[in-house]
Amino acid sequence: MTDGAPLTFRRPTEEDHPSIVGLVDEWWGGRKMRALLPRLWFQHFTATSWIAEDGTGRLAGFVVAFISQDDPTTGYIHMVAADPNRRRGGVGRALYQHVFDDLAARGVRRMKAITWPGNRQSVAFHTSIGFTVDDGPGTQNLYGTPAYADYDGEGEDRVVFTRDL
C-alpha cells in the first residue's frame, strides 16, 4: 500500500472500540463522527466488519458493515475510514473487497452505502469501486450530485449508493 508494507485484515473486537473512536474524528477531518460508533458495533457486528493493520499492528483502516435483517440479500456499509496518511494506497478498496467477498458468500447480492453529498472524495471513491448513485424520484442536485435532502434528519442530506455483487 502507500509505504509498501503489506496489510493484514482481521475482524474487530470490542477491545478495538476505544482506539477506533479515539481516531475517527481526526480521520474524518475534525467532523464529529465518534457518536456514530457506539460500542454496540464492536459487540454485535464484528462478523461482517473488518480492520486493516500494517506490519506493526498499527490501525490502517476499518469498515463496519452488516446484512439487512429485513432483506438478507442486501448488505450495508455503516462506516469506513482509512488513516489519512495511507489514503489513495488501496486501504479503503481492500476493506470494501473483504466485505463484498464475505457478504456475497452469505447470499448478499447488493450493497448500499451513503455519504454527505459535499464529500466529493467519498462520492468519487464509491463510484470508482462500482457503486452507482441513486438519482431516482425525490433526489435533488446537491453539491453537484443527486442526493436526498434531509435523508437522515433536517439538514442531513445524503447520497445513496448501490452496488450489485
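Cut-offs and rules
Residues numbered from 1 in each chain as written. Predicted model: local features only at pLDDT ≥ 70, side-chain atom pairs only at ≥ 80, totals over all residues. Heavy atoms only, no water. Helix = DSSP H or I, 4+ residues; strand = E, 2+ residues; numbered from the N terminus. Rg over C-alpha atoms; globule rule 2.2 N^0.38 Å. Buried < 20%, exposed > 50% of the residue type's maximum accessible area, 1.4 Å probe, protein only. Contact = heavy atoms within 4.5 Å. Areas by Shrake-Rupley, 256 points an atom, 1.4 Å probe, with all protein chains shown as cover. Lys, Arg positive; Asp, Glu negative; His and termini not counted. Charge placed at Lys NZ, Arg CZ, Asp CG, Glu CD. Pairing = 2+ DSSP bridges. Axes fitted to C-alpha atoms, helices over the stretch in contact; angles between N-to-C directions. Core = buried A, V, L, I, M, F, W, Y, C linked by side-chain atoms within 4.5 Å. Polar contact = N/O pair within 3.5 Å; in protein donor to acceptor, adjacent residues only side chain to side chain. Parallel < 35°, antiparallel > 145°, perpendicular 65-115°, else oblique. Left-handed = near helix turned anticlockwise from the far one by under 90°.

Q: I keep staring at the overall build of the chain and nothing clicks. Help me out?
A: Within the chain, the secondary structure is distributed over 4 helices and 9 strands. Taken against the 2.2 N^0.38 rule, which gives 15 Å for 165 residues, the C-alpha radius of gyration of the chain at 16 Å falls within 12% of a compact globule. The dimensions of the chain, computed from C-alpha atoms along their principal axes, are 45 × 35 × 30 Å. Of all 165 residues assigned to the chain, the portion counted as buried reaches 41%. Here the contacts in the chain between residues at least 6 apart in sequence split such that 64% fall between residues at least 24 apart. For the chain, the computed accessible surface area is about 8600 Å², with 50% contributed by carbon and sulfur atoms. Across the chain, the centroid of the 18 positively charged side chains sits 4 Å from that of the 21 negatively charged ones.

Q: Can you help me understand the side chain of Thr48 in this one?
A: Relative to the elements of secondary structure, Thr48 occurs in the loop between α2 (41-44) and β2 (50-53). Its relative accessible area of 7% is what places Thr48 among the buried residues. Excluding anything up to four places from it in sequence, Thr48 contacts Arg11, Ala65, Phe66, Ile67, Val99, Asp102, Leu103 and Arg106.

Q: Looking at this model, I keep getting lost on the sheet that holds strand β5 (residues 110-115). Mind explaining?
A: Strand pairing in a sheet relies on backbone hydrogen bonds, with the paired strands running either antiparallel or parallel. Read from one edge of the open sheet, 7 strands run β1-β2-β3-β4-β5-β9-β6, paired in mixed fashion. Only two strands of the sheet have a single partner each, and these edge strands are β1 (8-10) and β6 (132-133). As defined by bridge partners, β6 adjoins strand β9 (residues 159-164) across 2 bridges and the pair is classed as antiparallel. When the bridges of β9 are listed, Thr132 appears paired with Thr162. Across the sheet, helix α4 (residues 120-128) touches β5, β6 and β9, and the angle it forms with β9 is around 15 degrees.

Q: In this structure, what is going on with the nonpolar core? I would like to understand it.
A: A general trend in soluble globular proteins is that nonpolar side chains are found buried together. Residues Ile77, Tyr96, Val99, Met111 and Phe131 are the most contacted members of the largest nonpolar core, which totals 25 residues. Contributing elements (two or more residues each) for this core: β2, β3 (59-67), β4 (74-82), α3 (91-104), β5 and β9. The biggest single contributor to this core is α3, with 6 residues. Among residues more than four places away in sequence, those in contact with Val99 are Thr48, Trp50, Val63, Ala65, Ile77, Ala104 and Met111.

Q: What is the right way to read the environment of Thr115 from this model?
A: Relative to the elements of secondary structure, Thr115 occurs in strand β5. For the pair Thr115 and His126, spaced 11 residues apart in sequence, the C-alpha separation works out to 9.3 Å. Once residues within four sequence positions are removed from consideration, Thr115 is found in contact with Ser122, Val123, Asp157, Arg158, Val159 and Phe161. Within the structure, the side chain of Thr115 is placed 2.9 Å from the side chain of Ser122, a separation counted as a polar contact.

Q: Is there a simple way to explain the packing of α3 against α4 in this structure?
A: When two helices pack together, their arrangement is given by the angle between the helix axes and by the axis-to-axis distance. Interhelical geometry of α3 versus α4 gives an angle of 50 degrees and a closest axis separation of 11 Å. The orientation of α3 relative to α4 falls into the category oblique. When the axes of α3 and α4 are compared, the crossing they make is right-handed. Only Phe125, His126 and Ser128 of α4 make contact with α3, whose side of the interface consists of Gly92, Arg93 and Tyr96.

Q: I tried to follow the environment of Thr127 on my own but got confused; where do I start?
A: The residue Thr127 is located in helix α4 in this model. Look at Thr127 and you get partly exposed, because its relative accessible area is 37%. As a C-alpha pair, Thr127 and Arg106 span 21 residues in sequence and 24 Å in three-dimensional space. Excluding its chain neighbours within four sequence positions, the residues that come into contact with Thr127 are Val133 and Phe161.

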